[in-house]
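These are the residues of each chain, in order.
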Amino acid sequence: MAPEQPPLSFLQQLFEQDTLYVLPEEQGTPAAPAPVPAVAAAPVAEVNPTPPVTPAPAEAKTPRLPEFPEKVVAPVAKGPAPEITWWGEAVKGTYLLFEVPEPVFQQLPQHAFLQKVLAAVGLSTSQVKFGNLSRQVEHDVKQIAATQRASAILLFGQGLPVANLSRMEFYRMYRSGESRFVLVDSLEDIEKSVELKKKLWDVLQKIFLQQN
């Protein structure tokens, strides 16, 4: 089978400047080829031409509603931390000082063992004033006693941020004017030790039950 001849239009474009002849397919004596005038090739159309862009009809603009304003929270100005965080009222001039995390400090009035200790000397947690000492300040117990007009101050814990702490002996009563104060172990340590409970009771009697 004879190979398929390329289309004439293709040949005209390829041999645009030459005279082309079409050969017959029959076998035998070839006939004289008829001259085919060259035809100027038509311009080749672009492949995938970009269609003209027709502007879309203008849509009716719907008026845009104003967005609901979000609540603006003004930044809270952070001042210096208080030297002592106080809670409660010293009905009889009794102050309990600690240096503990804030969540622990908030729970001290409900501390069962502390309630028993105060009840033994005729007090309740609602009759004393709790103070949480700031670690950033070296506190003066004598100054606190004078400022608060305290009759008794109990300092709970070791390593408190208190001036001249190394000179103070645990479970020994000290005086400053009309105030009495004593340094004792933490509530947790006292609650676990029979010996520390006895030491605490002895000094509490001197402060609250003896008037000398």
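The coordinates are above.
Residues numbered from 1 in each chain as written. Predicted model: local features only at pLDDT ≥ 70, side-chain atom pairs only at ≥ 80, totals over all residues. Heavy atoms only, no water.

A. Up close: the environment of Glu188. Within the element layout of this structure, Glu188 appears in helix H5 (residues 187-192). A polar contact is formed between the side chain of Glu188 and the side chain of Lys192, at a distance of 3.3 Å. (Helix = DSSP H or I, 4+ residues; strand = E, 2+ residues; numbered from the N terminus. Polar contact = N/O pair within 3.5 Å; in protein donor to acceptor, adjacent residues only side chain to side chain.)

B. Geometry of helix H6 (residues 194-209). Compared with an ideal rise of 1.5 Å per residue, which puts 16 residues at 22 Å, H6 spans 21 Å between its outermost C-alpha atoms and is within 8% of the ideal. Buried residues of H6: Leu196, Leu200, Val203, Leu204, Ile207 and Phe208, and no others. Buried residues in H6, looked at end-on, bunch into an arc of 120 degrees, giving them a common side. Those residues of H6 that are exposed and aimed more than 90 degrees away from the buried face are Val194, Glu195 and Lys198. Summarising the contacts, the buried residues of H6 are in contact with strand E4 (94-98), helix H3 (112-119), strand E6 (152-156), strand E7 (173-176), strand E8 (179-184) and H5. (Expected span 1.5 Å × (residues − 1). Buried < 20%, exposed > 50% of the residue type's maximum accessible area, 1.4 Å probe, protein only. Arc of directions from axis to C-beta. Contact = heavy atoms within 4.5 Å.)

C. The packing of aromatic side chains, seen in detail. All told, the structure shown has six aromatic pairs when counted by the stated rule. Between Phe98 and Phe156, the ring centres sit 4.9 Å apart and the planes meet at 5 degrees, which makes this aromatic pair stacked. In this pair, Phe98 sits in strand E4 while Phe156 sits in strand E6, placing the two residues 58 residues apart along the sequence. There is no split in this pair, since Phe98 and Phe156 are both buried. (Phe/Tyr/Trp six-rings, centres within 6.5 Å; stacked < 30°, edge-to-face > 60°.)

D. Main features of the sheet that holds E7. With mixed pairing, the six strands of this open sheet are ordered in space as E3-E5-E4-E6-E8-E7. Of all strands in the sheet, those with a lone pairing partner are strand E3 (84-88) and E7, marking the two edges. Averaged over all adjacent pairs, the angle separating strand axes in this sheet is 20 degrees, with direction ignored. Across four bridges, the pairing between E7 and E8 is antiparallel. If you follow Met173 over to E8, its bridge partner there is Val182. Contacts between helix H4 (residues 141-148) and the sheet are confined to E3, E4, strand E5 (129-133), E6, E7 and E8, with E6 contributing the most and set at about 140 degrees to the helix. Of the strands in this sheet, E4, E6, E7 and E8 are in contact with H6, which crosses E8 at around 175 degrees. (Pairing = 2+ DSSP bridges. Axes fitted to C-alpha atoms, helices over the stretch in contact; angles between N-to-C directions.)

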